[in-house]
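Per-entry structural report
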Amino acid sequence: MSDTWDKVFPQSPDVDHRKVTFTNRYGISLTGDLYVPKNRGDGALPALAVSGPFGAVKEQSSGLYAQTMAERGFITLAFDPSFTGESGGSPRNVASPDINTEDFMAAVDCLGLQEGVDRDRIGVIGICGWGGMALSAVAVDKRVKAVVASTMYDMTRVMSKGYNDSVTAEQRAQMLDQLAEQRWQDVDAGAPGYGPVSLELQGGEPQFVVEYADYYKTPRGFHPRAVNSNASWTLTSPLPFLNMPILDHIAEISPRPVLLIHGEIAHSRYFSETAYAAAAEPKELLIVPGANHTDLYDNRDMIPFDRIAQFFGEALA
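This structure is a prediction, so every number in the text was calculated from the model and none was measured.

Digging into helix α10 (residues 305–315)
- Within the sequence span of α10, burial applies to F305, I308, A309, F311 and F312. Looking straight down α10, one finds that the buried residues subtend no more than 160° of arc, so they occupy a single side. Turned more than 90 degrees from where α10 packs its buried face, D306 and E314 sit exposed.

Dropping the structure here:
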């Protein structure tokens, strides 16, 4: 673990920060940044577990969300999911809809052990692909009293069906054939195969890919430990996502409240709209005017932090 401040956002003078480690149900050691308001008083405070985006680390967007919410009176934990960043797990850069959902629940465990945290007032924030993981975790973890998913992706849906559910049966079969061959290659090599470094643009990419690169590959958001900045996922990471939908039970979050936040012009907006339709009350879909997908990673003028604080303030009262 790094002991220096190596976030892509400035440190707040109003928040205390320290590293913590905790273990998930699979025995993987996870690392997080704990943010605590300096003027916290003597009473127990509500707490939030934060992670995402998919392929990011806690020094990026999730840390910004966590520190900002700590400025608003919450104890927060931004963490690296299993197999990424400063968290454990081998091989590196593996994604799993099951293990990564568990990571959120393990973060709740960790928060419940912290001095000054009210165990009965814990919420979750998931960003991008970890928005879907957050909703999945909260559906089964009744300890969590409220959830926010910001600029959310359902990674099981996009991996299995493509953008806007465009993958045909023939394309799915071809994808499975390729993954089967990759597994043989991994077995023969004794190690997983990896794709090329993420977001190395060659020209002609879709606008949303350009927007991803503008965050992950520039000083705005680059971090050497982030998969999307400096590495790639294992080539077989899509396997469990292809047949394990994570939002089938989203309605079971009710009667605990759900807040879905998405950009008006984001390519991914349909994920939140579909999730909102499937969720039960109380629920809210907040569309941010003029915002694209990555604007909600770090644009303080567009991320509705005041509304998020109000939402959790009411839900965790």
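What to know about the pattern of salt bridges
- What the rule picks out here adds up to 22 salt bridges.
- One salt bridge in this structure joins R220 and D214, with 2.8 Å as the shortest N-O distance.
- Because the salt bridges share partners, they merge into one network encompassing D6, K7, K19, D33, K58, E59, D80, E86 and R225.

Thoughts on the layout of surface pockets
- As a volume, the largest pocket reaches approximately 1,000 Å³.
- F54, M159, S198, N228 and W233 are, among the 29 residues lining the largest pocket, the residues nearest its centre.
- Mapped onto the lining of the largest pocket, the elements with two or more residues apiece are α4 (155–161), α5 (169–189) and α6 (207–216).
- Across the lining of the largest pocket, the residue classes break down as 21 nonpolar, 8 polar and no charged.
- If you add up the space inside the second largest pocket, you get close to 290 Å³.

Focus: the environment of A251
- Examined against the element boundaries, A251 turns out to sit in the loop between α7 (227–230) and β7 (258–263).
- For the pair A251 and Y35, spaced 216 residues apart in the sequence, the C-alpha separation amounts to 31 Å.
- Non-local contacts of A251, meaning those with residues more than four positions away in its chain, are made with A278, A279 and A280.

As for the pairing of strand β6 (residues 144–150)
- Counting buried positions over the 7 residues of β6 gives 6, a clear majority of the element.
- In this structure, strand β5 (residues 117–127) lies alongside β6, joined through 6 bridges in parallel fashion. Residue pairing in the sheet places V124 in a bridge with V147 of β6.
- Handedness of the crossover joining β5 and β6 through helix α3 (residues 129–140): right-handed.
- As defined by bridge partners, β6 adjoins β7 across 4 bridges and the pair is classed as parallel.

Cut-offs used in this document
- Residues numbered from 1 in each chain as written.
- Predicted model: local features only at pLDDT ≥ 70, side-chain atom pairs only at ≥ 80, totals over all residues.
- Heavy atoms only, no water.
- Buried < 20%, exposed > 50% of the residue type's maximum accessible area, 1.4 Å probe, protein only.
- Helix = DSSP H or I, 4+ residues; strand = E, 2+ residues; numbered from the N terminus.
- Arc of directions from axis to C-beta.
- Salt bridge = Lys/Arg side-chain N within 4 Å of Asp/Glu carboxyl O.
- 1 Å grid on protein atoms, 1.4 Å probe; cavity = no way out; pocket = protein on both sides within 12 Å on 5 of 7 lines; lining within 4 Å.
- Points joined across faces, edges and corners; volume = space filled by probe spheres on them.
- Nonpolar A, V, L, I, M, F, W, Y, C, P; charged D, E, K, R; others polar.
- Contact = heavy atoms within 4.5 Å.
- Pairing = 2+ DSSP bridges.
- Right-handed = clockwise from strand over helix to strand, strands pointing away.

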